Amino acid sequence: MAAPASIYLIGLMGSGKTTVGRRLAARLDVGYVDNDEAVAGLAGVSSVELARRGGSELHEWEARYVTTLLDRDAVVVAGIAASSADRPAELAALAAAGLLVYLHCPPAVLAARVRADGPRPWLPADPETMIADMYERRDAVLREHATIVDATVTPDDAVTRIVAALAARR
Ligand SMILES: Nc1ncnc2c1ncn2[C@@H]1O[C@H](COP(=O)(O)OP(=O)(O)OP(=O)(O)O)[C@@H](O)[C@H]1O
Ligand SMILES: O=C(O)C1=C[C@@H](O)[C@@H](O)[C@H](O)C1
Ligand SMILES: [Mg+2]
């Protein structure tokens, strides 16, 4: 299926933006823009390093990344950092420009995934509480602005559901 509009994937850390995004882009035969890679390209240092520095620097770069993304004409699949949920105007702009998809996972699933993953040096040894707080703060605003897709299914099934949502949007 040809992609009629860009697809923006947002979700909390570990929701599968990178994993699902790459497969979705391949399925639609368009480019994939990864939020962490793009932020590193803009900032000149990795998003892991920006996060390690603390403060608001990472989130400022993540906001600039959304601006650059919205300036592009090409149809792409792009990951969107979860911090955009703290700036609802970004969510509204992304939803107006393309299909904004919320890759939804319950906090316990996210915590299990990120615990098995790396490197996320900003995470405490037990990430449950931090992820539960992020979920509490961001879940409602993401549901309000984005099309929710269950991201606990396999990556390929998530891709199929997003393609169906794209077809339904036309
Ligand atoms: N649908 C899925 N089912 C099972 N495991 C998954 C699924 N999607 C992603 N994963 C696994 O969860 C981990 C996090 O996935 P991924 O890095 O794609 O998430 P992300 O949203 O890009 O995270 P971040 O915000 O840190 O960039 C990886 O180990 C990945 O293999
Ligand atoms: O969702 C967030 O706001 C964050 C997520 C992590 O990936 C880190 O990048 C950082 O600690 C902030
Ligand atoms: Mg990612």
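Here the structure is a predicted model, which means the values were calculated and not measured.

Reading the values: rules and limits
- Residues numbered from 1 in each chain as written.
- Chains lettered and ligands numbered in written order.
- Predicted model: local features only at pLDDT ≥ 70, side-chain atom pairs only at ≥ 80, totals over all residues.
- Heavy atoms only, no water.
- Axes fitted to C-alpha atoms, helices over the stretch in contact; angles between N-to-C directions.
- Helix = DSSP H or I, 4+ residues; strand = E, 2+ residues; numbered from the N terminus.
- Parallel < 35°, antiparallel > 145°, perpendicular 65-115°, else oblique.
- Contact = heavy atoms within 4.5 Å.
- Nonpolar A, V, L, I, M, F, W, Y, C, P; charged D, E, K, R; others polar.
- Buried < 20%, exposed > 50% of the residue type's maximum accessible area, 1.4 Å probe, protein only.

### Some details on the packing of helix 2 (residues 35-43) against helix 4 (residues 57-71)
Item 1. Where helix 2 contacts helix 4, the two axes come as close as 9 Å, and the packing angle between them is 100°. The angle between the axes of helix 2 and helix 4 places the two elements in the roughly perpendicular class. Judged by residue contacts, N35, A38, V39, L42 and A43 of helix 2 engage L58, W61, E62, R64, Y65 and T68 from helix 4.
Item 2. Its residues placed into classes, the contact of helix 2 with helix 4 shows seven nonpolar, two polar and two charged.

### A few points about the environment of H145
Item 1. Topologically, H145 is positioned in helix 7 (residues 128-145).
Item 2. On the basis of relative accessibility, which here comes to 22%, the residue H145 falls in the partly exposed class.
Item 3. Here the alpha-carbon distance between H145 and D36, two residues 109 residues apart in the chain, equals 22 Å.
Item 4. Residue contacts for H145: discarding those within four places in its chain leaves P88, L91, A92, A95 and L100.

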